[in-house]
Amino acid sequence: MLTAPEILQALQEKFPETIIKAEMGVLDPYVYVKAEEVAEVCTFLKEYYSLAFDSLMCLSGVDYKGLKGEEERLEVVYHLFSMQHLHKFVLKIQLPRENPSVPTVENVWAIANWHEREAYDMFGI
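All values reported here derive from a predicted model rather than from experimental measurement. (Residues numbered from 1 in each chain as written. Predicted model: local features only at pLDDT ≥ 70, side-chain atom pairs only at ≥ 80, totals over all residues. Heavy atoms only, no water.)

## Side note on the overall build of the chain
Thought 1: Counting its regular elements, the chain contains three helices and five strands.
Thought 2: Moving toward the C terminus, one meets the helices and strands of the chain in the order α-β-β-α-β-β-β-α.
Thought 3: Computed over C-alpha atoms, the radius of gyration of the chain comes to 14 Å, within 12% of the 14 Å expected from 2.2 N^0.38 for 125 residues, which places it in the range of a compact globule.
Thought 4: Principal-axis analysis of the C-alpha atoms places the extent of the chain at approximately 40 × 30 × 25 Å.
Thought 5: Partitioning the intrachain contacts of the chain with sequence separation of at least 6 by distance along the chain shows that 55% fall at a separation of at least 24. (Helix = DSSP H or I, 4+ residues; strand = E, 2+ residues; numbered from the N terminus. Rg over C-alpha atoms; globule rule 2.2 N^0.38 Å. Contact = heavy atoms within 4.5 Å.)

Right, here's the structure in full:
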């Protein structure tokens, strides 16, 4: 089982220009990645043997409209789990409110089809 900082290091080594921001000191550590790179990042997270994130537990849309102290935006949040290594990690994508779009990860995890349709129906993402 890898720790969140070890997972972050693997991502930073493979995608140095794609990781925007990381937060390790929280219950569910996460990184923000560039939207256009999310499918490639997810493929790496699933296929790299020491990561093996074989489960997309949840893909959620989040609307930050009108929250005090928060910039208005939409986000997509991917909660990942490795059944082989028993570690978890979270990816986040920030999107503009106008024409929010992110590449599909259905080719990585088939269950993403359902989650992505829900994000589209609820948030237009």
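## Focus: helix α1 (residues 4-14)
Each α-helix turn comprises 3.6 residues. Residues three or four places apart therefore point the same way.
Thought 1: Of the residues making up α1, those classed as buried are Ala4, Ile7, Leu8, Ala10 and Leu11. Looking down the long axis of α1, one finds its buried residues gathered within 160° of arc, a one-sided arrangement.
Thought 2: The elements touched by buried residues of α1 are β1 (19-23), β2 (30-33), α2 (38-47) and β5 (88-95). (Buried < 20%, exposed > 50% of the residue type's maximum accessible area, 1.4 Å probe, protein only. Arc of directions from axis to C-beta.)

## A look at the state of the cysteines
Thought 1: Summed over all chains, the structure comprises zero disulfides.
Thought 2: With no disulfide of its own, Cys42 has Cys58 as its nearest cysteine by sulfur position, at a separation of 13 Å.
Thought 3: For Cys58, a relative accessible area of 27% gives the class partly exposed. (Disulfide = S-S within 2.5 Å.)

## Examining the pattern of salt bridges
Thought 1: Under the definition given, this model contains four salt bridges.
Thought 2: Notably, a salt bridge pairs Asp63 with Arg97, separated by 2.6 Å at the nearest N-O pair. Of this pair, Asp63 sits in strand β3 (residues 55-63) while Arg97 sits in the loop between β5 and α3 (112-123); the two residues are 34 residues apart in sequence, bridging distant segments of the chain.
Thought 3: Within the structure, one salt-bridge network assembled from shared partners comprises Asp63, Glu72 and Arg97. (Salt bridge = Lys/Arg side-chain N within 4 Å of Asp/Glu carboxyl O.)

## What about the side chain of Ser82?
Thought 1: With respect to the helices and strands, Ser82 occurs in the loop between β4 (74-81) and β5.
Thought 2: Judged by its relative accessible area of 0%, Ser82 falls in the buried class.
Thought 3: Of the polar contacts made by the side chain of Ser82, one reaches the backbone oxygen of Ala52; its length is 2.9 Å.
Thought 4: For Ser82, the side chain forms a polar contact with the main-chain nitrogen of His85, separated by 3.0 Å.
Thought 5: In this view, Ser82 contacts Leu51, Ala52, Phe53, Asp54 and His87; residues no more than four positions away in its chain are not counted. (Polar contact = N/O pair within 3.5 Å; in protein donor to acceptor, adjacent residues only side chain to side chain.)

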